[in-house]
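# Structure at a glance
Chain by chain, the residues:
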Amino acid sequence: MKIFSISGYQRNPQISSNYNQIQYYNYKLPSLKRDTVSFGQASHSVAHAFECQLSKEINVNRLNRIATTYLDIIEGVATKLKKYGVEFDREYCERSPIKSPGACVSKVTRSGSLKIPDMIRATLYCKNIYDLSVLKEQIIPEFAQRGFLLAPKEVSLEKLESTGYIPTKTEQKRGYVIKRDLDIRLDNEQITKTVPEYASYISKPQDSGYEDIQLRFIRSYDTKENPLQHELIIIPGENYAKAKHYESEKIYKQTRQLAELNFYKNIKKEDSRNMIKRCILLIKSTLSSNISEKLFESAKNIDVYGINTDMQINISEGDIANIKKYFSMIKAEGKKYYDLAEQRARSPQRLKKLKKEHEQDSKKLAEIQKALLESIEFFNKTKTFKKLPEIPKTKPE
């Protein structure tokens, strides 16, 4: 495991309570370019140790106390801003106010970064989500008054090119811009009231059609060099939360694992990699166009516009056959990769590792396919968003 520490860290000891000001952080990295982690060959033992550390009772209790305070504050903000279409469902947020140790390990493994900005998280509803003046003039100031300020974030110049942002000479030299940790992932055409200073914070909805506003706060009184961040997700309302729950549990949770297959991450042959990538994209796009997009559109119509539509959710037998075909193609490419890699293995240890990864990938691929086919059956039987069961009240595992 390689963990690179940040040296020469400097932080201004005073954090402004003015929500429009950004607190600057300076990093001096004489030999390292980023704070990253790689579990390497010891992935399972190191990941297990990391998960055990996060699972310690003292850590869990501390995070639960902080999360409870955070939910208290959000509840107060929502009560005050009710006339602006802001609501808070505490029961919904209490299902998972802190990221589970297993989910933290998965995120670190996928991202390669030790930063977990959504360790504490919650959701706020805002019917007027497309009126950005509500966000700027009401929501963010109310959190600032309670000591929660938008966290600073390093954004590469490359990511800002499409937004029209003009970097300063200093920013051009260092290659990044320090901005507030705010991401407005909305359909730009539906935004009813813009805020000029937020133009560079507007990105776009996810490929599934999912939209939200993501904010990450730090507490003004948290003087640690690496202050704990609190994530806030703003979505249109309770119906959208329901759509998000079912899409996440039955579609996204499965499809995201396809990029985590060992052979997909390690394969060098460009033709094979491109084929696998294309198959994954086709699986995702088929599910998105027939299920995900309809879930989110139906929910948004109700929460934002008061239009109670009844979109049909259905995956045809032809599409199901194609999805099975794409999985078969991915499996075939994986077998070819492992057959060749095992033939070329120069040591018993390398061969043992490859056989273990082959077994893991075969099992995971079969589990993903089975879960997605069960999800398709679930949605085909449910038929419409309005017929979805209520979100379970019990906390997720």
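Please read all numbers here as calculations on a predicted model, not as lab measurements.

### So, the overall build of the chain
Broken down by element type, the chain carries 12 helices and 12 strands. When the accessible area of the chain is evaluated, it comes to approximately 22000 Å², of which 49% is carbon and sulfur surface.

### What about the nonpolar core?
The biggest cluster of nonpolar side chains holds 88 residues, and the ones touching the most others in it are L135, F143, I184, I213, L215 and I234. A per-element tally of this core places helix α10 (residues 270-305) first, with 10 residues. Excluding its chain neighbours within four sequence positions, the residues that come into contact with F143 are Y70, I73, I74, V77, F148, F217 and L232.

### Looking at α10
The largest bend in α10 is about 55 degrees, located at S288. Count one or two residues on from α10 and you reach G306, which has phi positive near 70 degrees.

### Thoughts on the environment of P152
Following the sequence through the fold, P152 ends up in strand β8 (residues 152-156). Look at P152 and you get buried, because its relative accessible area is 15%. With 66 residues separating them in the primary sequence, P152 and I218 have C-alpha atoms 8.8 Å apart.

### A word on a positive patch on the surface
Residues K268, R273, K277 and R350 make up a contiguous surface patch of positive charge. When you line up the elements, R350 lands in helix α12 (residues 348-382). Given a relative accessible area of 36%, R350 falls into the partly exposed group.

### Let's talk about the packing of helix α8 (residues 238-255) against α12
One way to put it is that α8 packs onto α12 with a least axis distance of 9 Å and a crossing angle of 150 degrees. On the basis of their axis angle, the class for α8 and α12 is roughly antiparallel. Pair α8 / α12 crosses with left-handed handedness. Counted together, Y246, K250, I251, Q254 and T255 of α8 and I368, A371, L372, S375, F378 and F379 of α12 form the full contact between these two elements. The class makeup of the residues in the contact of α8 with α12 is 7 nonpolar, 3 polar and 1 charged.

### So, the pattern of salt bridges
Tallied over the full model, the rule gives 22 salt bridges. The residue D181 makes a salt bridge to R216 at a minimum N-O spacing of 3.8 Å. Of the two residues, D181 sits in the loop between β9 (176-180) and β10 (182-185) while R216 sits in strand β11 (residues 212-219), which places them 35 residues apart along the sequence. In terms of burial, D181 and R216 fall into one category: buried. Overlapping salt bridges, with partners in common, bring together D72, E75, R90 and E94 in one network.

### Some points on the packing of aromatic side chains
Tallied over the entire structure, the rule returns 12 aromatic pairs. The rings of Y70, F143, F148 and F217 are connected pair by pair, giving a single aromatic cluster. Here the basic side chain of K179 rests over the ring of Y201, its NZ or CZ set 3.8 Å away from the ring centre. Lying across the ring of F378, K250 places its NZ or CZ 4.3 Å from the centre.

### Section: the confidence of the model for the chain
Residue-level pLDDT values for the chain average 86, and 81% of them are 70 or greater. Below pLDDT 50 for its whole length, residues 1-17 participates in 48 contacts with residues either more than four positions away or in separate chains. Confidence drops under a pLDDT of 50 for residues 19-35, and excluding neighbours within four residues, the segment shows 47 contacts in the predicted structure.

### Some points on helix α5 (residues 132-145)
Its 14 residues place the ends of α5 19 Å apart at the C-alpha level, agreeing with the 20 Å of an ideal helix rising 1.5 Å per residue. In terms of residue burial, α5 counts as a mostly covered element, since 12 of its 14 residues are buried.

### A short note on unusual backbone geometry
Unlike most non-glycine residues, K383 shows phi in positive territory, near 75 degrees. With respect to the secondary-structure elements, K383 resides in the segment after α12. A residue is classified by how much of its surface remains accessible, and K383, at 42% relative accessible area, is partly exposed.

### Considering the environment of D131
Mapped onto the fold, D131 is located in the loop between β6 (120-126) and α5. Engagement of the side chain of D131 in a polar contact is seen with the side chain of S133, the distance being 2.5 Å.

### Details of the packing of helix α2 (residues 57-80) against α5
Viewed as axis vectors pointing N to C, α2 and α5 meet at an angle of 135 degrees, and their least axial separation amounts to 10 Å. With respect to α5, the element α2 is oriented oblique. For the pair α2 and α5, the crossing hand works out as right-handed. Residue-level inspection shows Y70, I73, I74, V77 and K80 of α2 in contact with α5, the latter providing E142, F143 and Q145. Class assignment of the residues belonging to the contact of α2 with α5 gives a composition of 5 nonpolar, 1 polar and 2 charged.

About the criteria used
Residues numbered from 1 in each chain as written. Predicted model: local features only at pLDDT ≥ 70, side-chain atom pairs only at ≥ 80, totals over all residues. Heavy atoms only, no water. Helix = DSSP H or I, 4+ residues; strand = E, 2+ residues; numbered from the N terminus. Areas by Shrake-Rupley, 256 points an atom, 1.4 Å probe, with all protein chains shown as cover. Core = buried A, V, L, I, M, F, W, Y, C linked by side-chain atoms within 4.5 Å. Buried < 20%, exposed > 50% of the residue type's maximum accessible area, 1.4 Å probe, protein only. Contact = heavy atoms within 4.5 Å. Bend = angle between axes of the 7 residues up to and from the residue. Patch = residues over 30% accessible without salt bridge, like charges linked within 9 Å, V, L, I, M, F, W, Y side chains within 5 Å. Salt bridge = Lys/Arg side-chain N within 4 Å of Asp/Glu carboxyl O. Lys, Arg positive; Asp, Glu negative; His and termini not counted. Charge placed at Lys NZ, Arg CZ, Asp CG, Glu CD. Axes fitted to C-alpha atoms, helices over the stretch in contact; angles between N-to-C directions. Parallel < 35°, antiparallel > 145°, perpendicular 65-115°, else oblique. Left-handed = near helix turned anticlockwise from the far one by under 90°. Nonpolar A, V, L, I, M, F, W, Y, C, P; charged D, E, K, R; others polar. Phe/Tyr/Trp six-rings, centres within 6.5 Å; stacked < 30°, edge-to-face > 60°. Lys NZ or Arg CZ within 6 Å of the ring centre and 35° of its normal. pLDDT = per-residue confidence, 0-100. Expected span 1.5 Å × (residues − 1). Polar contact = N/O pair within 3.5 Å; in protein donor to acceptor, adjacent residues only side chain to side chain.

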